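Structural overview for review
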Amino acid sequence: MFMMSILMTTLLSGKFFTCDVTMAGLSQAEVDLLIHDKWDCLNLGGEWVEPDMNFDNTLAGMLTLFVFQSREGWIDLMWTSVDATSVD
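Residues numbered from 1 in each chain as written. Predicted model: local features only at pLDDT ≥ 70, side-chain atom pairs only at ≥ 80, totals over all residues. Heavy atoms only, no water.

1. Topic: unusual backbone geometry
One non-glycine residue, Arg 71, adopts positive backbone phi at about 65°. Along the chain, Arg 71 falls in the loop between helix H4 (58-69) and helix H5 (74-83). Residue Arg 71 is classed as exposed on the basis of its relative accessible area of 67%. (Helix = DSSP H or I, 4+ residues; strand = E, 2+ residues; numbered from the N terminus. Buried < 20%, exposed > 50% of the residue type's maximum accessible area, 1.4 Å probe, protein only.)

Written as structure tokens, this is what we have:
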């Protein structure tokens, strides 16, 4: 699990951040159309947040892999991984 955590940290470090626009009052269609990166999110009044499960460092990666292996919350992790494109 340690080696897999190192690999995933190398590949996915910093790519799981998302835009939280609950305070901005935008609909999902507007979010999909207008927000493409961190700066679009911040300019439209959103907040650039990091999810609890991430691969930003090796220890967080090991915890994320443990959650994935225990099958509790793996679907959220899967969709976050699908949405990961690049840093910021």
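2. What about the environment of Asn 57?
Here Asn 57 shows up in the loop between strand E2 (47-49) and H4. Of the residues examined, Asn 57 reaches a relative accessible area of 41% and is grouped as partly exposed.

3. Comments concerning the layout of surface pockets
There is about 710 Å³ of room inside the largest pocket. Taken together, 28 residues line the largest pocket, and the ones lying closest to its centre are Phe 17, Thr 18, Cys 19, Trp 48 and Asp 83. Elements supplying a minimum of two residues to the lining of the largest pocket: strand E1 (18-20), helix H2 (28-34) and H5. Looking at the lining of the largest pocket element by element, the count peaks at five residues for H5. Each residue belonging to the lining of the largest pocket can be placed in one class, and the counts come to 12 nonpolar, eight polar and eight charged. (1 Å grid on protein atoms, 1.4 Å probe; cavity = no way out; pocket = protein on both sides within 12 Å on 5 of 7 lines; lining within 4 Å. Points joined across faces, edges and corners; volume = space filled by probe spheres on them. Nonpolar A, V, L, I, M, F, W, Y, C, P; charged D, E, K, R; others polar.)

Keep in mind these numbers describe shape, not what the thing actually does.
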